[in-house]
Amino acid sequence: MHMFALDYARPAQECEVTEAPPYRYDPSLQLNVLDDGRIAVRDRDLLRVLGATTSTAGSKTHFDD
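To keep things clear, this report deals only with the structure shown in the data block.

Definitions and cut-offs
Position labels on residues start from 1 in each chain and follow its written sequence. Local features in a predicted model are, by the rule used here, given only for residues with pLDDT of at least 70; side-chain atom pairs are given and counted only at 80 or more, and totals for whole chains, interfaces and linings are based on all residues. Hydrogens and water molecules were not included; the side-chain quantities draw on all heavy atoms of the structure. Only DSSP runs of H or I covering at least 4 residues are called helices, and only runs of E covering at least 2 are called strands; the numbering of each starts at the N terminus. Under the scheme applied here, a residue whose accessible area is under 20% of the maximum for its type counts as buried, over 50% as exposed, and between as partly exposed, the area being computed with a 1.4 Å probe on protein chains only. We get accessible surface area from the Shrake-Rupley algorithm with a probe of 1.4 Å; when it comes to residues, only the shown protein chains can shield them. One speaks of a salt bridge when a side-chain nitrogen belonging to Lys or Arg is within 4 Å of a carboxyl oxygen belonging to Asp or Glu. Polar contacts, as counted here, are pairs of nitrogen or oxygen atoms within 3.5 Å of one another; within protein the pair requires one atom able to donate a hydrogen and one able to accept it, and residues that are adjacent in sequence qualify only if both atoms are side-chain atoms. The criterion used for residue contact is that any of the two residues' heavy atoms lie within 4.5 Å. A pair of strands counts as paired when DSSP detects no fewer than two bridges linking them.

**Looking at the overall build of the protein**
Looking only at helices and strands, one finds one helix and two strands in the protein. In sequence order, the secondary structure elements of the protein are arranged as β-β-α. When burial is assessed residue by residue, the protein has 18% of its 65 residues classed as buried. A total accessible area of about 5,800 Å² is found for the protein, and carbon and sulfur atoms account for 54% of it.

**Regarding the pattern of salt bridges**
Inspection of the entire model under this criterion finds three salt bridges. For R38, the salt bridge identified is with D43, shortest N-O distance 3.5 Å. Two residues, R48 and D45, come together in a salt bridge whose shortest N-O distance is 2.6 Å. With R48 and D45 both in helix α1 (residues 44-50) and three residues apart, this pair spans about one turn of that helix. A relative accessible area of 54% means that D45 is categorised as exposed. Residues joined in a network through salt bridges with shared partners are D36, R38 and D43.

**A few points about unusual backbone geometry**
The backbone phi angle of Q30 is positive, close to 60 degrees, even though this residue is not glycine. Among the structural elements, Q30 can be located in the loop between β1 (23-26) and β2 (31-34). Accessibility expressed as a relative area gives 57% for Q30, which makes it exposed.

**Quick word on the side chain of D43**
In this structure, D43 sits in the loop between β2 and α1. Judged by its relative accessible area of 15%, D43 falls in the buried class. Polar contacts involving the side chain of D43 include one to the side chain of R38, which spans 3.5 Å. In this structure D43 touches L34 and R38, once residues within four positions along its chain are discounted.

**A look at the pairing of β1**
Summarising the sheet, β1 and β2 pair through four bridges and their orientation is antiparallel. What sits directly across from R24, in β2, is V33. Where β1 hands over to β2, the hairpin turn is made up of four residues, of which Q30 adopts a positive phi near 60 degrees.

Below is the structure:
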């Protein structure tokens, strides 16, 4: 049996990152934080630009929002 979804599946495309994101993962908070210590997901301007703050801890599909 051939799964229907396999007819439409495409390999994931790698994003080329030209610069580091303006946040970093803080293991004690288990959240992404900005350089000034604020939680990245609370910065509405940042979210408007990036859409989400992808966590660098573990899975690349995990989001902090």
